[in-house]
Amino acid sequence: KMTKGDTEYQFLLEGSKETKEKIKRPNKSLLLAVCAACIGGTFQYGYNISIINAPTKSVQNFINQTWLERYDEDISEQYLTLLWSNIVSIFTIGGFIGATIGGTLAIRFGRKGTLMMNNAFALLAALLMGLSYPTGLFELLIVGRFFTGVNAGIGICVQPLYLGEIAPRALRGAMAMGTSIFITGGILTGQVIGLKELLGKEEHWPILLCTTCIPAFLQLLILPWFPESPRYLLIDRGDDVGCRKAMKQLHGTDNFDREREDMERERVSAIGIKPKKPWQLFMDCSLRWQVLTIILLNAAQQLNGINAIYFYTDYVFEEAGIPDVNIPYVTVGTGACECLTALTCGMLIETLGRKVLIIGGYTLMAFWCICFTLTLTFQGAGVWMPYLSMGCVFAFILSFGLGPGGVTNILTTELFTQTSRPAAYMIGGSVNWLSFFVIGMVFPFIVTKLQQYCFLVFLVISVLVAVYIFLVVPETKNKTFLEIHTEFQSGDKRKASKADDGPRTTLLSTPL
């Protein structure tokens, strides 16, 4: 015979199952909110990385022509290269600055508010780069690229923060994959628009660089229709009514009690604690492994060899007999490959979990580093060898998209609670941009010295990161932020107790 308590428990179980069934598929409003946040966020990052490749010759001709009109002489090849390098690399400096201020802005103006304000940098950049040709001022290109970097730096810091906080726990990984999907989508879009059939012709380069304003306008039109992060509203602002309203819109149902309880527990644990600054995370012993993890993962995301693969693509395609005029179209294929993998990762992440995907990705990348080194070393051994190299290029890109490319940003969201998450994104973003800058500066020298054997360096990095994740990072799938935080703390306590036991044993065994 069932008691009243048993009946209530069964009712709760059934309600929990019903809730699980409902959140297996995301609500339409949640999907649209993800798209609205990403189109002006990480899409801009990917788009502005790839869009600058197509007009290289055209912009250099413009600089040379402007220099001739100003000084009645041609610019030296060395100084032209320096100016072009500044136009390209200033993007990473802007990105670093954007990452360092993104977390602070997200605390002060909210996640959605910061994303909206961030579009001002993209619009200003588009205006400056568009004016550079009619005014004859190539310096505006440098300033414009700097502001696109600031826009991308803030976007890649705040947008994953927003996605991780608006998604239900069971869909957090899949929704957060929007970051990776839109980065790769931005890269692919930039590659396609840069083709000569569209805006890749010499006379179209000012329009091409101005197109960065289009995603900004789209976000300004669409994002206001969606709510602020419910976690931010409840925990940071204490707005319970606004939180419930936002959750109802994003979940498409009034049945969000479990998610609301998780937020309430996190809010109670954060009472009296102000949002932390980046340097406070370094001083907090309970967060040392989380901080170390995001530093390693964000550095490895740039230093794992993906940039080297893209550096070698043109050479590999030429060796395979692909005509120079067709190489841009094959390069579009690499962008499509990475985009497809990000979509695949989004579908698998809630099934396989974060840990399996990221360890598997790094392991596969290590394997393809070995294969690519061998195929490049024996490139002349047979007519089929260049095609093996092409296969390695696509396989490496697929492996990157399956693991490190997709999961890194999600872990930055999940390893921290509300008060420390913005600062964690500032640290991770800064490390990512610094690593991006360093690899851009150092990689040409590595290639010159080691040639194809440079991939052995990336092999070691990939293996070490995979081992670290296996030993240190717990699986975060379907866990609350507090549960993940507690799991790290319990790991520290176990290590501390072992360390305490060690000295006592030594003292007892020491002869008097």
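As shown above, the structure is provided for reference.
Overview of the structure. Here the structure is a predicted model, which is why all the values come from computation and not from measurement.

### Here's the deal with the overall build of the protein chain
Counting secondary structure elements, the protein chain contains 24 helices and zero strands. Looking at the protein chain as a whole, 53% of its 512 residues qualify as buried. Intrachain contacts of the protein chain at a sequence separation of at least 6 include 83% that bridge at least 24 residues. In the form shown here, the protein chain has an accessible surface area of approximately 23600 Å², with 67% of it arising from carbon and sulfur atoms.

### Observations regarding the nonpolar core
Grouped together as the largest cluster of nonpolar side chains are 87 residues, with contacts concentrated most on Tyr162, Phe455 and Ile469. The next biggest cluster of nonpolar side chains, apart from the first, holds 20 residues, and it includes Phe62, Ile63, Ile142 and Phe147.

### Comments concerning the packing of helix α7 (residues 139-166) against helix α22 (residues 421-450)
α22 packs onto α7 with a crossing angle of 140 degrees between their chain directions and a minimal axis gap of 10 Å. Comparing their axes, α22 and α7 come out oblique. Crossing geometry of α7 relative to α22 is assigned as right-handed. Contacts between α7 and α22 pair Ala152, Gly153, Ile156, Cys157, Pro160, Leu161 and Glu165 from the former with Arg421, Pro422, Tyr425, Met426 and Trp433 from the latter. Taken together, the residues that form the contact of α7 with α22 break down as nine nonpolar, one polar and two charged.

### Focus: unusual backbone geometry
Of note in the backbone geometry, aspartate 72 takes a positive phi value of approximately 55 degrees without being a glycine. When you line up the elements, aspartate 72 lands in the loop between α4 (56-71) and α5 (77-109). Residue aspartate 72 is classed as exposed on the basis of its relative accessible area of 69%. One non-glycine residue, asparagine 478, lies in the positive phi region at around 60 degrees. Topologically, asparagine 478 is positioned in the loop between α23 (454-472) and α24 (481-509). Judged by its relative accessible area of 39%, asparagine 478 is partly exposed.

### Comments concerning empty space enclosed by the protein
Using the criterion set out here, one finds three cavities of 30 Å³ or more in the structure. Within this model, the largest cavity holds a volume of roughly 100 Å³. In terms of lining residues, the largest cavity is bounded by Tyr45, Ile156, Cys157, Asn298, Asn409, Thr412, Tyr425, Gly428, Gly429, Asn432 and Trp433. Among the secondary structure elements, those contributing two or more residues to the lining of the largest cavity are α7, α21 (404-414) and α22. The class makeup of the residues in the lining of the largest cavity is five nonpolar, six polar and no charged. Each pocket or cavity is described by its volume, and for the second largest cavity that value is around 60 Å³. If you trace the second largest cavity, you find it lined by Gly164, Ala167, Pro168, Arg169, Arg172, Arg231, Glu259, Asp262, Lys479, Thr480 and Phe481. Looking at the lining of the second largest cavity residue by residue, the class counts come to three nonpolar, two polar and six charged.

### Considering the pattern of salt bridges
Under the defined criterion, the tally for this structure stands at 13 salt bridges. Between arginine 172 and glutamate 414 there is a salt bridge, and its shortest N-O distance comes to 2.8 Å. Highlighted residues: arginine 172 in helix α8 (residues 172-176) and glutamate 414 in helix α21, separated in sequence by 242 residues. For arginine 172, a relative accessible area of 3% gives the class buried. Residue classification places glutamate 414 among the buried residues on the basis of a relative accessible area of 0%.

### Examining the packing of aromatic side chains
This structure, assessed with the given rule, holds 14 aromatic pairs. A centroid spacing of 5.9 Å and a plane angle of 15 degrees characterise the contact between phenylalanine 43 and tyrosine 47, whose relative ring orientation is stacked. A residue pair is termed a helical-turn pair when its members lie 3 or 4 positions apart in one helix, as phenylalanine 43 and tyrosine 47 do in helix α3 (residues 42-50) at four residues. Residue phenylalanine 43 is classed as buried on the basis of its relative accessible area, which comes to 11%. When the ring of tyrosine 133 is compared with that of tryptophan 205, the centres are 5.9 Å apart and the planes differ by 85 degrees; the resulting orientation is edge-to-face. Note that tyrosine 133 is positioned in helix α6 (residues 111-135) and tryptophan 205 in helix α10 (residues 205-210), a separation of 72 residues in sequence. Given the relative accessible area of 46%, tyrosine 133 is considered partly exposed. Put simply, the rings of Tyr45, Phe91, Trp433 and Phe436 touch in pairs and so form one group of aromatic residues. Geometry around phenylalanine 470 places lysine 355 over its ring, the cationic atom sitting 5.9 Å from the centre. Positioned above the aromatic ring of phenylalanine 481 is the side chain of arginine 421, whose terminal nitrogen or guanidinium carbon lies 4.1 Å from the ring centre.

### Side note on the packing of α22 against α23
Two elements in contact, α22 and α23, have axes separated by 8 Å at closest approach and are oriented at 125 degrees. Here α23 runs oblique to α22, going by the angle between their axes. Between α22, through Ile439, Phe443, Ile446 and Leu450, and α23, the contact on the second element is made entirely by Cys454, Val457 and Phe458. Here the contact of α22 with α23 is composed, by residue class, of seven nonpolar, no polar and no charged.

### Quick look at helix α16 (residues 288-303)
The end-to-end C-alpha separation of α16 is 22 Å, in line with the 22 Å expected for 16 residues at 1.5 Å each. Looking at the residues trailing α16, positive phi occurs at glycine 305, about 110 degrees.

### Quick look at the state of the cysteines
As enumerated under the stated definition, the model contains zero disulfides in all. Lacking any disulfide linkage, cysteine 35 is separated from the closest cysteine sulfur, that of cysteine 38, by 6.9 Å. Free cysteine cysteine 369: the closest other cysteine sulfur is in cysteine 454, separated by 8.6 Å. Cysteine 369 gets classed as buried once you look at its relative accessible area, which sits at 0%.

### Here we look at a nonpolar patch on the surface
A surface patch of nonpolar side chains, about 360 Å² in accessible area, is lined by Ile214, Leu218, Leu221 and Ile222. Counting through the fold element by element, isoleucine 222 comes out in helix α11 (residues 213-222).

Rules used in this analysis
- Residues numbered from 1 in each chain as written.
- Predicted model: local features only at pLDDT ≥ 70, side-chain atom pairs only at ≥ 80, totals over all residues.
- Heavy atoms only, no water.
- Helix = DSSP H or I, 4+ residues; strand = E, 2+ residues; numbered from the N terminus.
- Buried < 20%, exposed > 50% of the residue type's maximum accessible area, 1.4 Å probe, protein only.
- Contact = heavy atoms within 4.5 Å.
- Areas by Shrake-Rupley, 256 points an atom, 1.4 Å probe, with all protein chains shown as cover.
- Core = buried A, V, L, I, M, F, W, Y, C linked by side-chain atoms within 4.5 Å.
- Axes fitted to C-alpha atoms, helices over the stretch in contact; angles between N-to-C directions.
- Parallel < 35°, antiparallel > 145°, perpendicular 65-115°, else oblique.
- Left-handed = near helix turned anticlockwise from the far one by under 90°.
- Nonpolar A, V, L, I, M, F, W, Y, C, P; charged D, E, K, R; others polar.
- 1 Å grid on protein atoms, 1.4 Å probe; cavity = no way out; pocket = protein on both sides within 12 Å on 5 of 7 lines; lining within 4 Å.
- Points joined across faces, edges and corners; volume = space filled by probe spheres on them.
- Salt bridge = Lys/Arg side-chain N within 4 Å of Asp/Glu carboxyl O.
- Phe/Tyr/Trp six-rings, centres within 6.5 Å; stacked < 30°, edge-to-face > 60°.
- Lys NZ or Arg CZ within 6 Å of the ring centre and 35° of its normal.
- Expected span 1.5 Å × (residues − 1).
- Disulfide = S-S within 2.5 Å.
- Patch = residues over 30% accessible without salt bridge, like charges linked within 9 Å, V, L, I, M, F, W, Y side chains within 5 Å.

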